[in-house]
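Spelled out, the chains give:
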Amino acid sequence: METGSDIKEVTVKGVYMINIFGRAVPAVMLEDKDGMIMPIHIGQTEALSISSVLKNETMPRPMTHDLIISILSRLEAEVERILIDEKKDNIYYARMTLKKDGNSMEFDARPSDCIAIALRNNAPIMISEEVFNGDAISKENFTGSKAITGFA
């Protein structure tokens, strides 16, 4: 597990469509306290799930991430934090730490799922500084890019 000096907390700036090689793909944008932005490309379903939480929208039926939160609540477990700690072959890796009865348990998961669940549980989103710094861009470059549009 990473130590406190190797990781930083980030927030979710939003979900955006990014034009990559002429194709629009969704990305969740993570922002640090210095205003640097890091995109993580995600699937359409995860984009919808994350976007709905950010907009305080409730779906007519529970989405998978809502179901997971309901299960955790009934089991009296909570999401302690998520950690995006590795990138291999352009794929990000994350771990979710759950806490129950004073015991912590870690689970390997996709960053998009971790983020969707963390947002629903108000859990901190942590990231390895090395991973973040390797892919972060300035807020000015983010907002000025013609390749980026808001998520509908």
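The name an unreviewed UniProt entry gives the protein chain is Bifunctional nuclease family protein, with Methanolobus vulcani as the organism.

**Structural notes on the layout of surface pockets**
As a volume, the largest pocket reaches approximately 350 Å³. The wall of the largest pocket is formed by 14 residues, among which Ile40, His41, Asn90, Ile91 and Tyr92 lie closest to the centre. Every element with two or more residues in the lining of the largest pocket is listed here: strand S3 (36-41), strand S5 (91-100) and helix H3 (111-121). Here the element with the most residues in the lining of the largest pocket is S3; it accounts for 3 residues. For the lining of the largest pocket, a count of residues per class yields 6 nonpolar, 4 polar and 4 charged.

**Points about helix H1 (residues 44-54)**
The set of residues buried in H1 consists of Glu46, Ala47, Ser49, Ile50, Ser51, Ser52 and Val53. For H1, the secondary structure elements touched by its buried residues are strand S1 (7-20), strand S2 (23-31), helix H2 (64-74) and H3. Taken from the residues just after H1, Asn56 is the one with a positive phi, measuring 55°.

**Regarding the pairing of S2**
Of all 9 residues that make up S2, 7 are buried, and the element is covered over most of its length. Pairing of S1 with S2, which is carried by 9 bridges, proceeds in the antiparallel orientation. Counterpart to Thr11 in the pairing with S2 is Glu31. The antiparallel hairpin formed by S1 and S2 contains 2 residues in its connecting segment, where Phe21 sits at a positive phi of about 55°. Of the strand pairs in this sheet, S2 and S3 are connected by 5 bridges, and their pairing is antiparallel. Paired with Ala27 across the bridge in S3 is His41. Here S2 folds back onto S3, and the loop between the two strands holds 4 residues, one of which, Gly35, carries a positive phi near 85°.

**Re the packing of H1 against H3**
Following both chains from N to C, one finds H1 and H3 inclined at 20°, their axes separated by 9 Å at the closest point. Here H1 is positioned roughly parallel relative to H3, judged by the angle of their axes. When you trace H1 past H3, the crossing you get is left-handed. Taken together, the residues of H3 that come into contact with H1 (itself represented by Glu46, Ser49, Ile50, Ser52, Val53 and Leu54) are Ser112, Asp113, Ile115, Ala116, Leu119 and Arg120. Taken together, the residues of the contact of H1 with H3 break down into 6 nonpolar, 3 polar and 3 charged.

The rules behind these values
- Residues numbered from 1 in each chain as written.
- Predicted model: local features only at pLDDT ≥ 70, side-chain atom pairs only at ≥ 80, totals over all residues.
- Heavy atoms only, no water.
- 1 Å grid on protein atoms, 1.4 Å probe; cavity = no way out; pocket = protein on both sides within 12 Å on 5 of 7 lines; lining within 4 Å.
- Points joined across faces, edges and corners; volume = space filled by probe spheres on them.
- Helix = DSSP H or I, 4+ residues; strand = E, 2+ residues; numbered from the N terminus.
- Nonpolar A, V, L, I, M, F, W, Y, C, P; charged D, E, K, R; others polar.
- Buried < 20%, exposed > 50% of the residue type's maximum accessible area, 1.4 Å probe, protein only.
- Contact = heavy atoms within 4.5 Å.
- Pairing = 2+ DSSP bridges.
- Axes fitted to C-alpha atoms, helices over the stretch in contact; angles between N-to-C directions.
- Parallel < 35°, antiparallel > 145°, perpendicular 65-115°, else oblique.
- Left-handed = near helix turned anticlockwise from the far one by under 90°.

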